[in-house]
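# Secondary and tertiary structure notes
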Amino acid sequence: MAKNASKNSRKPASASASSANPTNGKMVLRIKSTEKAKKRTEQSRPKSANKPKTTPKRKAAKVDAKKPKKPPTAFFYFLEDFRKEFKEQNPDVKSMRDIGKACGEKWKTMTYEEKVQYYDIATEKRADFDRAMAEYNRRKESGEDQESEGSEFDE
């Protein structure tokens, strides 16, 4: 009986979670119905919150066909040569993934002296690209390209 008396004399820790019934002294835990809670949250949310968020698609920039393309890097020139050698040595390997992995490993282990020939090719191609780009920009600023395009469509 002493234990029962001590249990009844304790006060609840949070009054919001439970409350004491004054008539019989028992604790009552009140739980909200999940259906009512769902309806309340649906009503409180704006309609736009229920829709998935999507970003607007960007329009593709117009590609100028006369603009010079960037040249490949030294690694890609190495890749061309390596791919030929690798296929000769391993004719059973068809996967580009496997060839690319082997090429990357080889490139990492190569010394600078071995890579120089590919860097030289890439540097030459880059210089050609820079010249072509300067010429393209000069024509674009002067308006020569736009006049020639208009005459093509007039015929």
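Calculation notes
Residues numbered from 1 in each chain as written. Predicted model: local features only at pLDDT ≥ 70, side-chain atom pairs only at ≥ 80, totals over all residues. Heavy atoms only, no water. Helix = DSSP H or I, 4+ residues; strand = E, 2+ residues; numbered from the N terminus. Contact = heavy atoms within 4.5 Å. Areas by Shrake-Rupley, 256 points an atom, 1.4 Å probe, with all protein chains shown as cover. Phe/Tyr/Trp six-rings, centres within 6.5 Å; stacked < 30°, edge-to-face > 60°. Buried < 20%, exposed > 50% of the residue type's maximum accessible area, 1.4 Å probe, protein only. Core = buried A, V, L, I, M, F, W, Y, C linked by side-chain atoms within 4.5 Å.

### Re the overall build of the protein
Helix and strand content of the protein: seven helices and two strands. In sequence order, the protein lays out its α and β elements as α-β-β-α-α-α-α-α-α. Within the protein, contacts between residues separated by at least 24 positions form 54% of all contacts whose residues are at least 6 apart in sequence. For the protein, the exposed surface amounts to about 14,300 Å²; the carbon and sulfur share of it is 53%.

### A closer look at the packing of aromatic side chains
Summed over the entire model, instances satisfying the criterion amount to 10 aromatic pairs. Among the aromatic residues, ring-to-ring pairing joins Phe 75, Phe 76, Phe 78, Phe 82, Phe 86, Trp 107, Tyr 112, Tyr 118 and Tyr 119 into one connected group.

### Observations concerning the environment of Pro 72
Relative to the assigned elements, Pro 72 resides in the loop between α3 (47–50) and α4 (74–89). On the basis of relative accessible area, Pro 72 is assigned to the partly exposed category, the value being 36%. Pro 72 sits 54 residues away from Arg 126 along the chain, and the two C-alpha atoms are 8.4 Å apart. Residues within four places of Pro 72 in sequence aside, it is in contact with Tyr 77 and Ala 122.

### Comments concerning the nonpolar core
Counting residues in hydrophobic clusters, the biggest one holds 12 residues: Ala 74, Tyr 77, Phe 78, Leu 79, Phe 82, Phe 86, Ile 99, Cys 103, Trp 107, Met 110, Tyr 118 and Ala 122. Elements represented by at least two residues in this core include exactly α4, α5 (96–109) and α6 (112–142). What Ile 99 contacts, discounting residues up to four positions off in sequence, is Phe 82, Arg 83, Phe 86, Lys 87 and Val 93.

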